[in-house]
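# Geometric and topological summary
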Amino acid sequence: MTKILAIETSCDETAAAVVEDGRRVISNVINTQIAVHTRYGGVVPEIASRKHIENINPVIRAALKEAGCTLDDIDAVAVTYGPGLVGALLIGVSAAKAIAYATGKPLIGVNHIEGHVCANLIEHPDLEPPFLCLIVSGGHTHLALMKDYGEFEILGRTRDDAAGEAFDKVARAIGLGYPGGPKIEKAALLGDAAAIQFPRGHIAGSPYDFTFSGLKSAVLNYINSEQMAGREVSQANVAASFQAAVVDSIVERAVMAASKLGGDSSASGGAREDRGAEPGLDKKPGGELRLVLAGGVAANSYLRESLDAACSAAGIRLYAPRPALCTDNAAMIGAAAYYHFARGERAPLSLNAVPNLKL
Amino acid sequence: MKILAIESATKILSVALVCDNKIIATRTSDNKKTHSETLLPMMEEMLDSCGAKLSEVDAIAVSNGPGSFTGLRIGVTTAKGLGLALDKPLIPVPTLEAMAYNFVRADAAEKLICQANETDNPCGAAVPNFAAEGALIVPMIDARRNQVFTGVYRFEKPETLASGAADKNGAKALASGVAGRELKTIMAEAALDVRELVDDLAGLGARKIIFLGDGALLHRGVLEEALGSVQETGGGARETSSVQMAARLELIFATGELAHPRATSVALLAGVMAERGEAVSADLVTPTYLRQSQAEREYTRVTSIGKKIISTTLDADNEGKVFEAEDEGADIDAIAQIEQAVFEENAWSNASVQSHFTNPCNGALVARRKGEAVGFVLFQKVAGEGEVFRIAVLPEYRRCGIARRLLSVLMQDGETDKWMLEVRYGNKPAIALYEAAGFERERVIQDYYKDPVEDALDMRKVIKEVE
């Protein structure tokens, strides 16, 4: 059995976890800074870095204590090295490297987005790649094929704002404040999603790419014109209508991709080697249609419900982690790290933070 | 005692291993790579080269700032990680003090004299052991925005040895500093404008000053101009704008390896600190930044003028602190300008704003960002009741919560039980703002406003007692 101590500090959560064999979470400690950043209407990188350095040791100690183990019981140290805020990432990376060096344990560098996908490996112990995944978080909106552990092929990505960014900006515009995702979701419960028709953006010729900047502008224009006309803007209706537009865009592309990709060859077992013009579009007979949801915005229950309904209708089996594993955490980093560790991959002590690391 | 030291506060990164005040090994790096990439490989190579094991180290010393925020965090987090994994204490060494400690050894002091002579220092630096003779040592780290992180230090005879017992034991003398002296803080570390530093130094009445660090290099011209020896100018004593040049100051600018922060000095000073019991748990150490983050600095600052009320800066460290207007005239002008930008033809003139303050019950709060006034609220308070007269925020700063913040500061004055205001019935955004601030609709006053005629909404807020 392999025990990995995982550390995650890419944004505003200081997190550490102990994960066994990539699937079993023994401890999962998260210290969130949301309260600190709320007054500034968003995450302030310098403040995040300062909070991480205060929290890092106690969080790591708590993860070890909760797991009932010491560093002696740990087989490897894993850390998120990107993408994220560089100053924030550096805290986790510096701490992980120092611990790995001092204990002589292997060091594993993990991509944060890959971590989000691997939260599903914890939630669904039988889930194995290859599969199609939809990653929706504060900084990322991706449709990707996970061909094997640690091996991804991007089918579509956002051309401008990530879904989470759009949530934050609209939340600010209608006075809900930060963090935008949960606040919009809550406000939308009292609103009418059909009250305002906001646009669903498309990129010509790129069926799987996302765009949210036009939607964001449409919301801001709507608020301005209503206020100019002296009409009261319904926070709830704007939130509900905006959320519906985002979720529609996401669901439409994800279901289309899953249906077109068809069976992801899970029946045949192996990783996909063929690289056609349209990757993985050769539907294998008998293959189960699967879609794996990941990322912080995956905690949005309206998105989950909409996706669930659309997938049921299209005969797609939807996998998603429980909301607690959707937001940033270190358990998912430990899950992803296990497969790199198993393949003998090791990061050097010169490992650096890579703020724009690609999947 | 074996101390492993990290110095990463500035561009030049170094590590050192020191055992009982003896430097066993040190490595320095000034390359293009980041400290994050270089630090641990460099430490590993150094320890391997001298056959030392990490587990033999008794404590980890780290240069704890001030300095580059990112550089400090890489060094401090690495030290914290090592401390946690090895279960060893940390010694957080003040960076500027450690820089001054570059002169702890007599040979270091002599080296500096040689260097000073080589560069033909016109200040006449060839004074033997001047660090021991009580020269001020002023480390300066460039803090940008024309500021430096700096402090003033001096090697002095320890009080317990002042009766003349010093210098008998050579080894001990070395450990304590130049010729058995201890490093004393004359002026505590701070982020200062160079001009402020010049004034402070002039007031200390020293005859010799040693400058070091990238800040000294950067501001050498200003320092020499303001403090330098009169010999340099070729004339008699002269006065500068800030310094009475009655005393002749000898300025010495350290060069070479004495000029920048060094892990060896961090380790040696850490040894002294450890003896004083200043080693701490790795969990407790955080860098000394000496400066808030930009977001905190630029967070709206509210000043009060007129009737004194509780107002706040809205940054993390000073929340709840009272700021009275530094310049009421400037605030009145600012209010009039915002009036113009917001209310246009209905704006109050400068004179009208001024007349508001002739009533001792009236006051204002002014919100500032980066020093610029961006919004205000005018109010009156009489016997526990308050009234909001006017509130405005510059158009480009709306939707940032400034108006809400102004109201919230005003409502928290702790002496007013009930607030009221009138607002045009059709002014939906303003009504929404007041409702969000806890105001309730009391009644409608018919045709209260002129130009155009409009009803007013009378709104009230009762402040609940807070336990």
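## So, the packing of aromatic side chains
Both the distance between ring centres and the angle between the ring planes are used here to describe each pair of aromatic rings. Applying the stated rule across the entire model yields 11 aromatic pairs over all chains. Both rings, one in A:F210 and one in A:F212, keep their centres 6.2 Å apart while their planes meet at 15°; by these two values the pair is stacked. With respect to burial, A:F210 and A:F212 carry one shared label: buried. For the ring pair B:Y448 and B:Y449, a centre distance of 5.0 Å and an interplane angle of 85° mean the geometry is edge-to-face. Under the relative-accessibility criterion, B:Y449 is labelled buried at 17%. Over the face of the ring belonging to B:F69 we find A:R50, whose NZ or CZ atom lies 4.7 Å from the ring centre. The ring of B:F343 carries B:R390 above its face, with NZ or CZ at 4.3 Å from the centroid.

## With respect to the pattern of salt bridges
Residues and elements named next belong to chain A. For the structure shown, the criterion picks out 28 salt bridges over all chains. Between R231 and E226 there is a salt bridge, and its shortest N-O distance comes to 2.9 Å. For R231, a relative accessible area of 47% puts it in the partly exposed group. Residues joined in a network through salt bridges with shared partners are K3, E20 and R24.

## Things to note about the confidence of the model for chain B
Residues and elements named next belong to chain B. Mean pLDDT over chain B: 80, with 77% of residues reaching 70 or higher. Low pLDDT, under 50, characterises residues 230–247; the stretch is placed with 30 contacts to residues that sit more than four places away or in other chains. Predicted confidence for residues 307–322 stays below pLDDT 50, and this span has 61 contacts to residues more than four positions away or in other chains. Interface confidence for the predicted complex, expressed as ipTM, amounts to 0.91; the pTM equals 0.76.

## Digging into the sheet that holds strand β6 (residues 131–136) of chain A
Residues and elements named next belong to chain A. Taken together, 5 strands build an open sheet; the order of strands is β8-β7-β6-β9-β10 and the sheet is mixed. Strands with a single pairing partner mark the edges of an open sheet, and in this sheet they are β8 (151–157) and β10 (317–319). Across this sheet, the average inter-strand angle for adjacent strands is 25°, counted without regard to direction. For strand β7 (residues 141–148) and β8, the ladder comprises 6 bridges, and the chain directions are antiparallel. Paired with M146 across the strands is F152, a residue of β8. Helix α4 (residues 112–123) rests against β6, β7, β8, β9 (290–294) and β10 of the sheet, and its axis sits at about 120° to β9.

Calculation rules
- Residues numbered from 1 in each chain as written.
- Chains lettered and ligands numbered in written order.
- Predicted model: local features only at pLDDT ≥ 70, side-chain atom pairs only at ≥ 80, totals over all residues.
- Heavy atoms only, no water.
- Phe/Tyr/Trp six-rings, centres within 6.5 Å; stacked < 30°, edge-to-face > 60°.
- Buried < 20%, exposed > 50% of the residue type's maximum accessible area, 1.4 Å probe, protein only.
- Lys NZ or Arg CZ within 6 Å of the ring centre and 35° of its normal.
- Salt bridge = Lys/Arg side-chain N within 4 Å of Asp/Glu carboxyl O.
- pLDDT = per-residue confidence, 0-100.
- Contact = heavy atoms within 4.5 Å.
- Pairing = 2+ DSSP bridges.
- Helix = DSSP H or I, 4+ residues; strand = E, 2+ residues; numbered from the N terminus.
- Axes fitted to C-alpha atoms, helices over the stretch in contact; angles between N-to-C directions.

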